Amino acid sequence: MTRSGQATIAVTGATGRVGGRVARRLAAAGVPQRLAVRDPGRAPDLPGATAVRCAYGEPGAAAALEGVEVLFMVSASESPDRLDRQRAFVDAAAQAGVRHVVYLSFFGAAPDAVFTLARDHWATEQHLRGSGMSFTFLRDNLYADFMPALVGEDGVIRGPAAEGRAAVVAQDDIAEAATAVLLRPDEHAGRTYDLTGPHALTLAEVAEILSRVSGRTVTYRPETVEEAYRSRASYGAPGWQVDAWVSTYTAIAAGQLDGVSDDITRLTGHAATPLADVVAAGQKG
C-alpha cells in the first residue's frame, strides 16, 4: 500500500489506446502508478507514474511487478503465440505477489467464439481463474473509435457481417470503467462486466452515422466469406491474422457482438457514449 492507503497499481499498455487512457485518468486522480511497458522511453510522462520495462512472456516480468497489488492487464499484441505470452505474464504476476488483476477481455469470450481472438481471451480468463489471484474481467465490444477505419478509400465498408449487429463502445468509456474498478478492486472481485455502447448497430447503420457526422457518403456492402478472404489476400498477412480480420465480421453476422449492457453506466455513473459522439470527437481531435 502507498502512504495514502491506496493499493499499488500497475498499468500495462500505457503506450496504447486504452492503457494510455487509463494511466492518464489515474494520474489525474492523483494515484501513483507503475507503467509496465515494453519501451519505457515511449511511456507517457505523467505525475506520480514510474515506467518500467515489462514484456509479456519475457524474463524480468515478475521482477518488474514486485510490490504491485493491483494490475491492469491489456491483451498482448496480436501474434501466433499471444496466448502463451499472456499465460506466462499471468504466471509472472502471481509470482510477483500481485493480489488482483483487472483483465481487458472481449465481449462474448468463449472457447468456441466465432471471432478467433475471443477464444484467446477466454483461455486467458480461465488461466487467471486458476492463478490464485483475484480478478475482474472487462469484456469490451468492438471499439467505436475504430469504425471510421473500416471505410475503404471509396467510402465503402466491406465485410461478411450480413445484417448482424455490434454494440460498439467508446475507448474513453472503457478506460473510465477500468479506472473505477482499479480504484476499488475489492468491490469488483470475481465480476465480469460487458462494456458496450448504448446501441447495437448493423454496419449499414454504422455507415449511415459515419456519413451524417463526417459529411462524406459511406455505405456498407456485404461480402461473402470467400470474397472477404480474397479481398484481404493482397495484404500478405499470415493466415491466422486474416482469420482474425474476417471473423470479426462473421462474429457480427452470427449475433455474437449483439446485446447492450448497462455496465458502463453502473461503473462510471453516466450513459455509454453513442457512436456519433465518438466520431465527432475524433474529428475535432
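Residues numbered from 1 in each chain as written. Predicted model: local features only at pLDDT ≥ 70, side-chain atom pairs only at ≥ 80, totals over all residues. Heavy atoms only, no water.

(A) Local environment of the pattern of salt bridges. Applying the stated criterion across every chain yields a total of 14 salt bridges. Note that Arg21 is salt-bridged to Asp172, the shortest N-O span being 2.7 Å. Of the two residues, Arg21 is situated in helix 1 (residues 17–28) and Asp172 in helix 5 (residues 171–183); the sequence distance between them amounts to 151 residues. On the basis of relative accessible area, Asp172 is assigned to the partly exposed category, the value being 36%. For Asp154, the salt bridge is made with Arg158, and the minimal N-O distance between the two is 2.7 Å. For Arg158, a relative accessible area of 27% corresponds to the partly exposed category. The network of salt bridges with common partners includes Arg21, Arg25, Asp145 and Asp172. (Salt bridge = Lys/Arg side-chain N within 4 Å of Asp/Glu carboxyl O. Helix = DSSP H or I, 4+ residues; strand = E, 2+ residues; numbered from the N terminus. Buried < 20%, exposed > 50% of the residue type's maximum accessible area, 1.4 Å probe, protein only.)

(B) Summary view of helix 5. With 13 residues, helix 5 ought to run about 18 Å at 1.5 Å a step, and its terminal C-alpha atoms sit 18 Å apart, in line with that. Of all the positions in helix 5, only Gln171, Asp173, Ile174, Ala175, Ala177, Ala178, Thr179, Val181 and Leu182 are classed as buried. (Expected span 1.5 Å × (residues − 1).)

(C) Focus on the pairing of strand 1 (residues 9–12). Burial of the side chains of strand 1 extends over both faces: Ile9 and Val11 are buried on one face and Ala10 and Thr12 on the other. Bridging between strand 1 and strand 2 (residues 33–37) involves four bridges; their strand directions are parallel. Its bridge partner being in strand 2, Ile9 is matched across the sheet by Gln33. Following the backbone out of strand 1, through helix 1 and into the adjacent parallel strand 2, one traces a crossover that is right-handed. (Pairing = 2+ DSSP bridges. Right-handed = clockwise from strand over helix to strand, strands pointing away.)

(D) Looking closely at the UniProt feature "domain: NmrA-like" (unreviewed entry) in the protein. In the numbering used here, UniProt assigns the feature "domain: NmrA-like" (unreviewed entry) to residues 7–223. Annotated as 32% helix and 20% strand, the span residues 7–223 places its first and last C-alpha atoms 49 Å apart. (UniProt positions renumbered as here; feature names shortened; annotations may be inferred.)

(E) Molecular detail of the environment of Pro160. Assignment of secondary structure puts Pro160 in the loop between strand 7 (156–159) and helix 5. Sequence separation between Pro160 and Asp39 is 121 residues; the distance between their C-alpha atoms is 37 Å. For Pro160, the contacting residues outside a window of four places in its chain are Tyr220, Glu223, Thr224, Val225, Ala228, Val246, Tyr249, Thr250 and Ala253. (Contact = heavy atoms within 4.5 Å.)

(F) Representation of the packing of aromatic side chains. Applying the stated criterion to the full structure yields five aromatic pairs. When the centroid spacing of 4.1 Å and the interplanar angle of 15° are considered together, the rings of Tyr56 and Phe89 count as stacked. With Tyr56 in the loop between strand 3 (49–53) and helix 2 (61–64) and Phe89 in helix 3 (residues 82–96), the pair connects residues that are 33 residues apart, well separated along the chain. For Phe89, a relative accessible area of 0% translates into the label buried. Pairing Phe135 with Phe137 gives two aromatic rings, centres 4.6 Å apart and planes at 15°, and the pair type is stacked. Its relative accessible area of 11% is what places Phe135 among the buried residues. (Phe/Tyr/Trp six-rings, centres within 6.5 Å; stacked < 30°, edge-to-face > 60°.)

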